[in-house]
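# Structural overview for review
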Amino acid sequence: LDVIEKAEPSIDAFLKVSAETALAEADAFDKKNAAGETEGLPELAGVPIAIKDMIVTKGIETTAASKILEGWVPPYDATVISKIKAAGMPILGKTNLDEFAQGSSTEHSAYKTTKNPWNTEHVPGGSGGGSASAVGAFEAPIALGTDTGGSIRQPGAFTGTVGVKPTYGGVSRFGAIAMASSLDQIGPVSRTVLDAALLHEVIGGHDKRDSTSIPREVPPVVAAAREGLKMDLKGVKVGLIKELGGEGFQPDVEARFNESVKLLEDMGAEVVEISCPHFPAALGAYYIIMPSEVSSNLARYDGMRYGLRVMPPAGVPQTAANMMAYTREAGFGDEVKRRIILGTYALSAGYYDAWYGSAQKVRTLIIEDFAKAFEQVDVLVSPTAPTTAFKFGEKTADPITMYLGDVATIPANMGGVPAMSIPAGLSEEGLPVGFQFFAPQMQDEKMYKPAAALE
Ligand code: GLN
């Protein structure tokens, strides 16, 4: 809490610091520990954690960085929060993000901009810039994020931290505020691969309150990370994704990537090039499917059930429809409105097959690319993002350039496969570069071993 107090004026990672409850939870844990009642708890017991404000926390205001949820105090905990509490991990507070997790820089938060701890003139990435900067600036030892198209991994790359998107269905989404439900996944943000694995095992596993949760045990990610720390990768087959490099990728990002690949080879891994021919189409398909789901999911913010309500001004008919229109006009930011409009258009009668239908076909082709690739290799690798952290304001004027930065992270969400970003050195400018692993569905452990070896 002292570090948070010192760092926050320059970093702004938190929307809310829950100091009182964190201290109470820490005291309760200390008492239990002294009484010998903490045996059997996970290794992370007693370690404080920061939570992206896209995940609901009972009794702690949860806004998704939107004005439309301002003042909303959830009456329940997300499943991952219940698990974290049961593990004896005190909650430090809620971290900043792009409104409803829509963005790649955290500049779309309705409340504040979070700075990159490596250079405060640069963005921390997004949408989970708050969790990544909190961990990167040593304000929290570990955090939770959500990843719909890269929002855990790209901020990880930009801040020199570890970010994991588990297999879709591997971690319960109950209590994760919905952005695009077929792509959303909760995952760990940490300083080391082993820490991420320890948290992954705390939050993972089947949950009957999430209809897409997979009824299987959490993959053995901690054992795999520990195995990786021995730095022996004999027998591990690594595939370099041909389509995720070259044009559009910053030369020093590619240089750090190639050096990391060389290190994998030095540790005994066999490296081959793999083509995933449909990956270049993933970004376009994502920016149809994601806004379609966003337009549907965000219909619930109608001024009736949660947070903000704005009544029409005098002279305007005081109807329910007008109240909803005035509430949504005042409560949503520009980027969220842009996506609701795009999604509503893509789903409208007459355009549905041309846009949404085509995008779903592309999605199937990406799933098949992954399936074919994983017949040949254990893990796939690529740079996490084509560039290092950019400056504030550099991409806000042109949404398309912002979207293009998601090219390497989106395929994992489209395919439902696990992926993670780990630090891979610094650019010439002294900013962190991210290295990404992908693994087959429900075999998350396969990426933890080489990742732990490489970090
Ligand atoms: N940057 C991506 C987007 O803007 C990813 C967002 C996310 O993963 N929540 O949609």
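Thresholds, definitions, all that
- Residues numbered from 1 in each chain as written.
- Predicted model: local features only at pLDDT ≥ 70, side-chain atom pairs only at ≥ 80, totals over all residues.
- Helix = DSSP H or I, 4+ residues; strand = E, 2+ residues; numbered from the N terminus.
- Contact = placed C-beta atoms within 7 Å.
- Near = placed C-beta within 6 Å.
- Nonpolar A, V, L, I, M, F, W, Y, C, P; charged D, E, K, R; others polar.
- Pairing = 2+ DSSP bridges.
- Axes fitted to C-alpha atoms, helices over the stretch in contact; angles between N-to-C directions.
- Expected span 1.5 Å × (residues − 1).
- Buried ≥ 20, exposed ≤ 12 C-beta atoms within 10 Å, placed from the backbone.
- Arc of directions from axis to C-beta.
- UniProt positions renumbered as here; feature names shortened; annotations may be inferred.
- Parallel < 35°, antiparallel > 145°, perpendicular 65-115°, else oblique.
- Left-handed = near helix turned anticlockwise from the far one by under 90°.

By secondary structure assignment, the location of Arg173 is in the loop between β5 (162–165) and β6 (186–190). Each C-alpha atom of the pair Arg173 and Val80 lies 8.1 Å from the other, and the pair is 93 residues apart in sequence. Residues contacting Arg173, with those up to four places away along its chain left out, are Asp184, Ile186 and Asp210.

With that out of the way, let us pick up the site of the ligand. Neighbouring the ligand are 13 residues, the closest being Ala101, Ser104, Thr148, Gly149 and Ser151. Tallied by class, the residues present in the shell around the ligand amount to 3 nonpolar, 8 polar and 2 charged.

Here we take up the sheet that holds β6. As summarised here, the arrangement of the 11 strands in space is β1-β3-β2-β4-β6-β5-β10-β11-β9-β7-β8, forming an open sheet in which the pairing is mixed. Single-partner strands in this sheet number two, and they are β1 (14–17) and β8 (270–274). When the angles between neighbouring strand axes are averaged without regard to direction, this sheet yields 25°. In this sheet, strand β9 (residues 379–383) lies alongside strand β7 (residues 237–241) in parallel orientation, the contact comprising 3 bridges. Looking at β9, one finds that Gly239 is bridged to Leu380. The strands touched by helix α4 (residues 129–136) are β1, β2 (49–52), β3 (91–95), β4 (142–146), β5 and β6; relative to β4, the strand with the most contacts, the crossing angle is about 165°.

Given a rise of 1.5 Å per residue, 13 residues ought to cover 18 Å, and the 18 Å separating the end C-alpha atoms of helix α11 (residues 334–346) matches this to within 8%. Among the residues of α11, those classed as buried are Val336, Arg339, Ile340, Gly343 and Ala346. Seen along its axis, α11 keeps its buried residues to an arc of 130°; they face one direction. In α11, those exposed residues whose orientation departs by more than 90 degrees from the buried face are Asp334 and Ile341. Buried residues belonging to α11 abut α9 (282–297) and α12 (352–376).

Along β4, 5 of the 5 residues are buried, which leaves the element largely enclosed by surrounding structure. Where burial is concerned, the two faces of β4 agree: the one with Ile142, Leu144 and Thr146 and the one with Ala143 and Gly145 are both buried. Examined bridge by bridge, β2 and β4 share 2 bridges and lie parallel to one another. Bridge assignment links Ala50 to a residue of β4, and that residue is Ala143.

Following the UniProt record, one finds the feature "active site" (unreviewed entry) at Lys52, Ser127 and Ser151. Across 100 residues, the annotated set stays spatially compact, with a maximum C-alpha separation of 10.6 Å. Inspection of the secondary structure assignment puts Lys52 in strand β2. Once residues within four sequence positions are removed from consideration, Lys52 is found in contact with Thr95, Leu97, Gly128, Gly130, Ser131, Leu144, Gly145 and Thr146.

Here the focus is the packing of helix α7 (residues 221–228) against helix α15 (residues 445–454). Where α7 contacts α15, the two axes come as close as 7 Å, and the packing angle between them is 30°. Accordingly, the angle class assigned to the pair α7 and α15 is roughly parallel. In this structure, α7 crosses over α15, and the sense of that crossing is right-handed. Of α15, the residues touching α7 (which contributes Val221, Ala224, Ala225, Glu227 and Gly228) are Glu445, Tyr448, Lys449, Pro450, Ala451, Ala452 and Ala453. When the residues that make up the contact of α7 with α15 are grouped by side-chain class, the tally is 8 nonpolar, 1 polar and 3 charged.

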